[in-house]
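Spelled out, the chains give:
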Amino acid sequence: MANSTPPEAPPVPNGRAAFLALLAAMTAVLALLFAKSFLPEYIVFSNDGPLGANSAACGRLPGGLFGVWNDLNWVGGESVASAPTPSNLVATVLGPLIMAKLFAPLSLFLLGCAAWVFFRQCGFAPWVCTVGGIAAALNGDRFSVAAWGLSMWVMGTAAVFLALAALMAATRRRTLVFTMLAGFATGVGVMEGFDTGAIFSLVVGMFAVYLAWAAGQGTPASLLAQGVGRVALVAACAGFIATYSLGTLISTQVTGVVGMGQDKESKDRRFAEATMWSLPKMETLRVLIPGLFGYRMHVPEANAYWGTVGQNPGFSAIKAAAEQGNAEARAALANPQLHRHSGSGEYGGVLVVLLAVWACAQACRKQGAFTAVERRLVWFWAGMALLCLFLAFGKHAPFYQFFYSLPYASTIRNPVKFMHPFHLALLVLFGYGLHALARQFIRPVATAQSPLAEQVKNWWDTVRGFERAWTLVTGLVLVGSLLGLLLYSSARKELEKHLVSVAFSEDMAKGIASYSIGEVGIFVFFLALSAGAVVVALRGYWSGSRARWAGVTLGLLLAVDLARANAPWIVHWNYPEKYLGNPIIELLKQSRYEGRVQSLPFQIGKEFSVFQQLYGSEWTQHVFPYNDIQTLDITQEPRPSVENIAYREVLMGRGNNVARLWELTNTRFIFGVNNTNFINSIAAQLDPGRSRFRIHTPFDIVPKPGIRNPTGLDQITVATNATGQFAMIEFTGALPRAKLFNNWLSTTNDAEVLSLLTNATFNPHQSVIVSAPLPPATTPGTNMGDVKFLSYTPKRIRLEAAAASPSVLLLNDKHSPNWKVLVDGQPSTLLRCNYLMRGVQVPVGKHEIEFRYEPPLTGLYVTTAAILLALILLGLAFFTRHADSAPPVAKPPAPAG
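In this report, the structure presented in the accompanying data block is examined. (Residues numbered from 1 in each chain as written. Predicted model: local features only at pLDDT ≥ 70, side-chain atom pairs only at ≥ 80, totals over all residues. Heavy atoms only, no water.)

### Details of the overall build of the protein
Next, step 1: Check the secondary structure of the protein and you find 31 helices and 20 strands.
Next, step 2: On C-alpha atoms alone, the protein measures out to a radius of gyration of 31 Å, which is about the 29 Å that the 2.2 N^0.38 rule sets for 897 residues.
Next, step 3: Taken over the C-alpha atoms alone, the protein extends approximately 105 × 60 × 50 Å along its principal axes.
Next, step 4: Out of the 897 residues belonging to the protein, those deemed buried represent 55%.
Next, step 5: A separation threshold of at least 6 residues defines the contact pool for the protein, and within that pool the share at least 24 residues apart is 78%.
Next, step 6: Positive and negative side-chain charges in the protein, numbering 69 and 52 respectively, have mean positions lying 9 Å apart. (Helix = DSSP H or I, 4+ residues; strand = E, 2+ residues; numbered from the N terminus. Rg over C-alpha atoms; globule rule 2.2 N^0.38 Å. Buried < 20%, exposed > 50% of the residue type's maximum accessible area, 1.4 Å probe, protein only. Contact = heavy atoms within 4.5 Å. Lys, Arg positive; Asp, Glu negative; His and termini not counted. Charge placed at Lys NZ, Arg CZ, Asp CG, Glu CD.)

Right, here's the structure in full:
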């Protein structure tokens, strides 16, 4: 064989120089990709954390660390408190606007750095770590997540890499310290990623047990005991530092939430919805071909996503009904959201996958490039990648149902989230593959410096065994890929026909088909380059003085491939234009906490549907939060509480109770059409005989300034116009936000309360229902007294009440035991009124009432203590490290000749 002994690593730059090279490379690539962020008016698109939501008073940092009360949607509610995570620290320092510009690239930058640290602890050459860091920072899964607005998940992945690095370090020195640091890093991953962090924590736990066996010495029983002990310590430290996040997560997203029951009947009922985001097996090809099934959903471009991740659970039934001639089903099939709903990419990179396969192939050779320990670790990560892929298939394969049956596993809604640890494992395998390639074939001594083509020819004449077989197989794969491209291109008409059948226009179908076929062609091109680069390495071309160019060449190939594949995920917003105000917004801002707003919850006509789209997509999700305007509409509530569901079923499930819903929830303004006959019609239907609807402000939809032909909802706004098509309608029957009652009904039977609220004889302006055993009112009358606001913030409300008689003050905001109430500075009993709202007893006279949202902070103190301990341990590990902190690399056995 050409290489009889595996040479030592070539003379490459030291660790510090290689790390600086990584920083320079990531800065250059990310700055190029996100260049538009440096313009004053542009921010990065964010679905889950837009500028409007991050600017809202209810969650603004640092106040959000002490609890979050979302007063912007519905009638208020508790949200998950912001934990003292790296992401929130960055957000506090940078502020919402700079975060919206830079957090996505910053999180990817930090991910690359964390991956470099892990690869270094694996004993890889510094330049290998640099290329591995680039692969992690530009990984398609993590990149698309960051571009979608979930950069904290990327930060969580960085924490996981550091946890794995600490576990590797623990095999050599300060086992207790580094194992504890691994646990703390795992906990930070949970704090950043929640359920995705929990999935990653399972991977870290399994790795801790396996590593004790793979790298330890002793009897199987002792190694198992070591592994169990380490994973117990990791779990304890992770739980220690994540105490606050876990506590607030459980209290707001699990306890009292519909569908969180763990009995078999409840879990079976939720299975279809819980597995809605499953990865179809065919779409595994997205790991190799980024745009094969498109990128973003619902975009009028050729790279629109056309796969079936996120397909509605009822799709099969609707399709069957449509095939039987049902007109409503046929109309429903025209809705793209029925077919798909996805926002993540799965591209790993051609070179990444190729070298990951190389690592697995080398691990199957006893006389290959790896030591015994390294070979076992490659087996672990290969098995982990395969397991996660099988689980990501969700409803499309039988494996996920076994995981789903585990306690609380059903709270993880999307099987496709298992693609996140799949990509982690893929990156680790890539690192090992590159490490093996460097160890065996990038030599420190020079060979003959003949032209490359001549060297490859001479090498091919002499090479035998594994390297020859690898070259032949990759050549066959390349030829097969070319044939696949030709076959796919020849099936273009069938593809276009399919695209039309899944809610795309004919023109869109043609564009999508061309784009998809083109992506296969680009894949073949990069496969040829990647396979060729590996063959060049196998020949030993990068030896002697050329060794330094190995990392440069492979890193550049990787960066170009991943950067071009990730570019379509990046979308920028012109935020002054997007959050531009208008006369209606200005009116609502003037009384933002004295009345809620809602659009009519039913269709009126084609023109009004355009406004409903503007209202639902732009106003409620962006403009309203940006201006702290409160709406009864719910923008996102994946886990509704039991009491909210019960309340809505009674008041929203029956059309004639909509007016009563608006009345009880302080919904003063309704958006509809500017038509007196229409107003009279809905009044007759929803509120007969009361005449409590009136047109407040008519308006029209107009383009935003500077835009002549708007092409999207973010390019239109509204302008007041006395003869406009639409109107903000005032509902004068809405209860005030705060009101005194000297007449009340007392009952602790919730079913009775809900029945009374919908009873036509019950007048909510005259009486309030209190869910507490209060004595009956002694002096009911018409003079109830007055209430006025002294100050308002989401978590602290001050009122002045002048009660003419002993009264109950009703505040039409949602009740929670975490609200405290003071009357004249003295604690009083918080009441639950009208089933869902807050209240307090007020004696005769003028009084100051203060409501304070004060959730328990014990968990925050525990988490803070854990952070301090982690910093102390980190300092101990850093300042007492060995002169050469890189792990010793054992020389693998020489391959057979």
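### Details of the pattern of salt bridges
Next, step 1: Taken as a whole and assessed by the stated rule, the structure comprises 26 salt bridges.
Next, step 2: For the salt bridge of Arg592 with Asp628, the shortest nitrogen-to-oxygen distance reads 3.9 Å. Placement of the pair is Arg592 in the loop between α25 (583-590) and β5 (596-599) and Asp628 in the loop between α26 (606-626) and α27 (642-651), with a sequence separation of 36 residues.
Next, step 3: Accessibility expressed as a relative area gives 16% for Asp628, which makes it buried.
Next, step 4: When the shortest N-O distance is used, the salt bridge between Arg838 and Asp813 registers 3.6 Å. Taken together, the positions of Arg838 in strand β19 (residues 837-842) and Asp813 in strand β15 (residues 807-814) put the pair 25 residues apart, joining distant regions of the chain. For the pair formed by Arg838 and Asp813, the shared burial category is buried.
Next, step 5: By sharing partners, the salt bridges in this structure join Arg660, Glu663, Asp687, Arg690 and Arg692 into a single network. (Salt bridge = Lys/Arg side-chain N within 4 Å of Asp/Glu carboxyl O.)

### Comments concerning the side chain of Ser591
Next, step 1: As for its position among the elements, Ser591 is in the loop between α25 and β5.
Next, step 2: Its relative accessible area of 13% is what places Ser591 among the buried residues.
Next, step 3: Beyond its immediate sequence surroundings of up to four residues, Ser591 is in contact with Arg668 and Phe669.

### Brief notes about the sheet that holds strand β20 (residues 845-853)
Next, step 1: Taken together, the five strands give an open sheet; going across it, the order is β13-β14-β20-β16-β17, and neighbouring strands pair in antiparallel fashion. Two strands close off the open sheet at either side, each with one partner strand: β13 (786-793) and β17 (826-828). Each strand axis lies, on average, 25° off the axis of its neighbour in the sheet, ignoring direction.
Next, step 2: In this structure, β13 lies alongside strand β14 (residues 796-803), joined through seven bridges in antiparallel fashion. Among the inter-strand pairings, Tyr792 is bridged to a residue of β14, identified as Ile797. (Pairing = 2+ DSSP bridges. Axes fitted to C-alpha atoms, helices over the stretch in contact; angles between N-to-C directions.)

### Points about the packing of aromatic side chains
In this description, an aromatic ring pair is defined by two values, namely the gap between the centres and the angle between the planes.
Next, step 1: Counted by the stated rule, this structure contains 57 aromatic pairs.
Next, step 2: Arranged with centres 6.2 Å apart and planes meeting at 65°, the rings of Trp358 and Phe441 form a pair that is edge-to-face. A residue pair is termed long-range when its members are at least 10 positions apart, and Trp358 in helix α15 (residues 350-363) and Phe441 in helix α18 (residues 419-441) qualify at 83 residues.
Next, step 3: Aromatic pair Phe390 and Phe393: ring centres 6.3 Å apart, planes at 40°, arrangement tilted.
Next, step 4: Judged by its relative accessible area of 29%, Phe390 falls in the partly exposed class.
Next, step 5: Assessed through its relative accessible area of 7%, Phe393 is described here as buried. (Phe/Tyr/Trp six-rings, centres within 6.5 Å; stacked < 30°, edge-to-face > 60°.)

### Some thoughts on the packing of helix α4 (residues 126-137) against α18
Next, step 1: The geometry of α4 relative to α18 is characterised by a closest axis approach of 10 Å and an angle of 150° between their N-to-C directions. If you check the angle between α4 and α18, you find them roughly antiparallel. Crossing of α4 against α18: the hand is right-handed. Of the residues in α18, those in contact with Trp127, Val128, Val131, Gly132, Ala135 and Ala136 of α4 are Leu427, Phe430, Gly431, Leu434, His435 and Ala438.
Next, step 2: Residue classes in the contact of α4 with α18 are distributed as nine nonpolar, three polar and no charged. (Parallel < 35°, antiparallel > 145°, perpendicular 65-115°, else oblique. Left-handed = near helix turned anticlockwise from the far one by under 90°. Nonpolar A, V, L, I, M, F, W, Y, C, P; charged D, E, K, R; others polar.)

### Here we look at unusual backbone geometry
Peptide bonds are, in most cases, trans, and in most cases residues other than glycine have a negative phi.
Next, step 1: Of note, the amide linkage connecting Leu61 to Pro62 takes the cis form, showing an omega dihedral of 5°.
Next, step 2: Its place among the elements puts Pro62 in the loop between α2 (51-55) and β2 (68-70).
Next, step 3: At Asp824, a position not held by glycine, the phi torsion is positive, near 55°.
Next, step 4: Relative to the assigned elements, Asp824 resides in the loop between β16 (819-823) and β17.
Next, step 5: Phi at Tyr835 is positive, roughly 75°, even though this residue is not glycine.
Next, step 6: Within the secondary structure layout, Tyr835 lies in the loop between β18 (831-833) and β19.

### Some details on the pairing of β16
Next, step 1: Along β16, four of the five residues are buried, which leaves the element largely enclosed by surrounding structure.
Next, step 2: With five bridges joining them, β16 and β20 adopt antiparallel strand pairing. The residue bridging Trp819 from the neighbouring strand is Tyr853, located in β20.
Next, step 3: Bridge analysis of β16 against β17 gives three bridges, and the strand direction is antiparallel.

### Structural notes on the nonpolar core
Next, step 1: The biggest cluster of nonpolar side chains holds 186 residues, and the ones touching the most others in it are Trp127, Phe161, Trp381 and Tyr432.
Next, step 2: When residues of this core are assigned to their parent elements, the largest contribution, 16 residues, is made by helix α22 (residues 506-539).
Next, step 3: Val597, Tyr647, Ile679 and Phe726 belong to the second largest nonpolar core, which has 65 residues in total. (Core = buried A, V, L, I, M, F, W, Y, C linked by side-chain atoms within 4.5 Å.)

### Some thoughts on the packing of helix α1 (residues 15-33) against helix α3 (residues 86-121)
Helix packing for two helices is described by the angle between their axes and how far apart those axes are.
Next, step 1: Running from N to C, α1 and α3 cross one another at 155°; their axes reach a closest spacing of 10 Å. Classified by the interaxial angle, the pair formed by α1 and α3 is roughly antiparallel. α3 is crossed by α1, and the crossing has right-handed handedness. Contacts from Gly15, Ala18, Phe19, Leu22, Leu23, Met26, Thr27 and Leu30 of α1 reach α3 at Pro105, Leu108, Phe109, Gly112, Cys113 and Trp116.

### Observations concerning the sheet that holds strand β9 (residues 726-731)
Next, step 1: The five strands lie next to each other as β5-β6-β9-β7-β8, forming an open sheet whose pairing is mixed. Lying at the two open borders of the sheet, with one neighbouring strand each, are β5 and β8 (716-720). Across the sheet, the mean angle separating the axes of adjacent strands is 30° when strand polarity is ignored.
Next, step 2: Pairing between β5 and strand β6 (residues 667-673): four bridges, direction parallel. The residue bridging Val597 from the neighbouring strand is Phe669, located in β6.
Next, step 3: Here α25 sits on the sheet in contact with β5, β6, β7 (693-703), β8 and β9, set at roughly 140° to β7.
Next, step 4: Each of β5, β6, β7, β8 and β9 is contacted by α26, which is oriented at about 145° to β5, the strand it contacts most.

### Some words on helix α5 (residues 140-147)
Next, step 1: When you tally the buried positions in α5, you get eight out of eight residues, the bulk of the element.
Next, step 2: Of all the positions in α5, only Gly140, Asp141, Arg142, Phe143, Ser144, Val145, Ala146 and Ala147 are classed as buried.
Next, step 3: Contacts from the buried residues of α5 go to α1, α3, α4, α6 (151-170), α18 and α23 (548-566).
Next, step 4: Between a side-chain oxygen at the N-terminus of α5 and the backbone nitrogen of Asp141 the separation is 3.1 Å; the capping residue is Asn139.
Next, step 5: Positive phi appears at Gly149, one or two residues downstream of α5, with a value of about 105°. (Polar contact = N/O pair within 3.5 Å; in protein donor to acceptor, adjacent residues only side chain to side chain.)

### Thoughts on a nonpolar patch on the surface
Next, step 1: A surface patch of nonpolar side chains, about 350 Å² in accessible area, is lined by Leu89, Val93, Leu94 and Ile98.
Next, step 2: Tracing the sequence through the fold places Ile98 in helix α3. (Patch = residues over 30% accessible without salt bridge, like charges linked within 9 Å, V, L, I, M, F, W, Y side chains within 5 Å. Areas by Shrake-Rupley, 256 points an atom, 1.4 Å probe, with all protein chains shown as cover.)

### Notes on the side chain of Ser807
Next, step 1: Turning to its location among the elements, Ser807 is positioned in strand β15.
Next, step 2: Judged by relative accessible area, Ser807 falls into the buried class, the value being 2%.
Next, step 3: A distance of 2.6 Å separates a polar side-chain atom of Ser807 from the backbone oxygen of Ser805.
Next, step 4: Among all residues touching Ser807, those that are not within four sequence positions of it are Leu740, Phe741, Asn742, Trp744, Met784, Val840, Gln841 and Val842.

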